[in-house]
Structures are given as structure tokens and as C-alpha cells.
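A closer look at the structure
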Amino acid sequence: MKEKKLNELYREYRERYSNEQIVLGEGNPDAELLMIGEAPGKYEVELGKPFVGAAGKNLSHFLDLMNLRRESIFITNAIKYRLSQVNPKTGRLVNRPARSEEILENREYLLREIEIIKPFIIVTLGNVPLKAVTGDMSASVGEIHGRLLSFCLGNSNYCLFPLYHPASIIYNRNLSKTYEDDIMKLKTIYFA
Ligand code: URA
């Protein structure tokens, strides 16, 4: 039933963004934990799967720390197509940040995805999915990471646990300890 609804949602999404390089969510639709990233990058588009590049490697490490297998959770992105632009110097396609209008436009699909999966806990990875889930364009992961919040959608209440984006530790090594502390908190909550 959930798979049928997800397929229908994804069919609509593909139709709406037919010019884009799309990577859809994957995993166990009955999962209790839903992880939401920002948008797929080059490697994700090549392999058609979320989080398979450098950020995905870090994410796998954190899932290992939690003793969680990827197949047991559901992983998706707030924006399901690559956000890219041409680098004028090299002529190559590079990733670009999401615009607020794009986050809000994609939010409609993300909220429907959440309502289909109905996870116990939603883990946002970075600012973009945090903004997308809450609808608050001023939300900042730096202020609320590692805290258990609640989020109401339709008639359901969800736990929301914001984490930094797993790529952030590539650029800022000082965040590794903070990230691991947050993961350990999440593990305690998830297995309680
Ligand atoms: N970063 C994301 O936010 N999502 C992906 O799927 C890959 C990298």
C-alpha cells in the first residue's frame, strides 16, 4: 500500500520535474526512521541512489555507529533533483545551494512523502531539509542540532531530530565530535 502511494507520488514528481536529473528516495517504506538530505549530487545522479558519494560515506559511518543498516531505514532528499550550475571558469557542472523558492516548492512533495511513510522519527541532515520540514526559512541547524523536537503534520505527530549534513565534517573537521555525540543521542532515543 505504502509502495503504491510512493510510486504515485514519485510518478507525479517525475512529470513535474521532467527536465531535471532526479534521484528518488529509497529504503524500507515501513521504516521508523526517515533521513532527509538536501539534494542529490553528481554521483547520486550517476548511480540513481541517494547518498552514495563522499557525504554518503560519512552517512554510512554514522549509521554503523548506530548499528543501523541502510535497508532498514528510508533515505530521501528535500529536493530530489541535482541543483547544479555551470562553473564559468571550467565549464563544468557544479553543485549550487538551494533557493528558498525551490525548498518551498518541493516541500509539498516532501510532506506527502512523510505522510505516506509515517516514521516515528525524522532526521534532517543539514539546513535545507530542516527548512523544508518546518517550513521555516530562517531555521538553522547550528542552533538546534542534536535536540529532540516534535513536528505535527496532518493528524500525526512526529519526532524531529536535526543533524548537521554529513558533508559538513568534510569541510569542518571540528564538527566530527559534535556529530558523533549527536548520533549517540539519536541512538539512545531510537532504541529506547
Ligand atoms: N547530499 C545530499 O544531501 N543528498 C544526497 O543524496 C547526496 C549528498
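None of the values given here were measured: they were computed from a predicted structure.

Around the ligand, the neighbouring residues are Gly37, Glu38, Ala39, Pro40, Glu44, Pro50, Phe51, Asn77 and His165. In this structure, a nitrogen atom belonging to the ligand sits 3.1 Å away from a main-chain N or O atom of Ala39. Interatomic distance of 2.8 Å between a side-chain N/O atom of His165 and an oxygen atom of the ligand. A breakdown of the residues in the shell around the ligand according to their chemical character gives 4 nonpolar, 3 polar and 2 charged.

Before going further, it helps to spend a moment on the nonpolar core. Grouped together as the largest cluster of nonpolar side chains are 58 residues, with contacts concentrated most on Leu33, Met35, Ile114 and Val123. In terms of residue count, the dominant contributor to this core is helix α4 (residues 100-117) (7 residues). If we skip the residues at most four places from it in the chain, Met35 touches Leu59, Leu63, Ile73, Phe74, Ile75, Thr76, Val123 and Leu125.

On to the side chain of Asp182, then. Tracing the backbone through its elements, the reader meets Asp182 in helix α8 (residues 175-190). What Asp182 contacts, discounting residues up to four positions off in sequence, is His145, Gly146, Phe161 and Leu163.

So, on to the sheet that holds strand β1 (residues 26-27). Pairing is mixed in the open sheet, where 6 strands are placed in the order β1-β3-β2-β6-β8-β7. This sheet does not close on itself; its edge strands, each paired only once, are β1 and β7 (149-153). Pairing analysis gives 5 bridges linking strand β6 (residues 121-125) to strand β8 (residues 156-163), with the strands arranged parallel. Counterpart to Leu125 in the pairing with β8 is Leu163. Against the sheet, helix α5 (residues 127-134) makes contact with β2 (33-37), β6, β7 and β8, and its axis sits at roughly 135 degrees relative to β6, the strand it touches most.

Right, let's talk about the pairing of β8 for a bit. Counting buried positions over the 8 residues of β8 gives 7, a clear majority of the element. Pairing between β7 and β8: 5 bridges, direction antiparallel. Residue Ser150 lies in a different strand from β8, and its bridge partner there is Cys159. Between β7 and the antiparallel strand that follows it, β8, lie 2 residues; Gly154 among them carries a positive phi value of about 60 degrees.

Time to look at the environment of Tyr164. Mapped onto the elements of the fold, Tyr164 is located in the loop between β8 and α7 (168-171). Between the C-alpha atom of Tyr164 and that of Thr178, which follows or precedes it by 14 residues, the distance is 9.2 Å. For Tyr164, the contacting residues outside a window of four places in its chain are Leu125, Gly126, Val141, Gly142, His145, Leu175, Thr178 and Tyr179.

Positionally, Asn58 belongs in helix α3 (residues 54-65). With a relative accessible area of 17%, Asn58 lands in the buried category. In this view, Asn58 contacts Pro166, Ile169 and Ile170; residues no more than four positions away in its chain are not counted.

Between α4 and α5, the least distance of the axes is 8 Å, while the angle of their chain directions is 75 degrees. As judged from the angle between their axes, α4 and α5 are roughly perpendicular. On α5, the residues that touch Ile103, Arg107, Leu110, Leu111 and Ile114 of α4 are Val128, Lys131, Ala132, Val133 and Thr134. Broken down by class, the residue content of the contact of α4 with α5 amounts to 7 nonpolar, 1 polar and 2 charged.

What counts, and where the lines are drawn
- Residues numbered from 1 in each chain as written.
- Predicted model: local features only at pLDDT ≥ 70, side-chain atom pairs only at ≥ 80, totals over all residues.
- Heavy atoms only, no water.
- Near = heavy atom within 4 Å.
- Polar contact = N/O pair within 3.5 Å; in protein donor to acceptor, adjacent residues only side chain to side chain.
- Nonpolar A, V, L, I, M, F, W, Y, C, P; charged D, E, K, R; others polar.
- Core = buried A, V, L, I, M, F, W, Y, C linked by side-chain atoms within 4.5 Å.
- Buried < 20%, exposed > 50% of the residue type's maximum accessible area, 1.4 Å probe, protein only.
- Helix = DSSP H or I, 4+ residues; strand = E, 2+ residues; numbered from the N terminus.
- Contact = heavy atoms within 4.5 Å.
- Pairing = 2+ DSSP bridges.
- Axes fitted to C-alpha atoms, helices over the stretch in contact; angles between N-to-C directions.
- Parallel < 35°, antiparallel > 145°, perpendicular 65-115°, else oblique.

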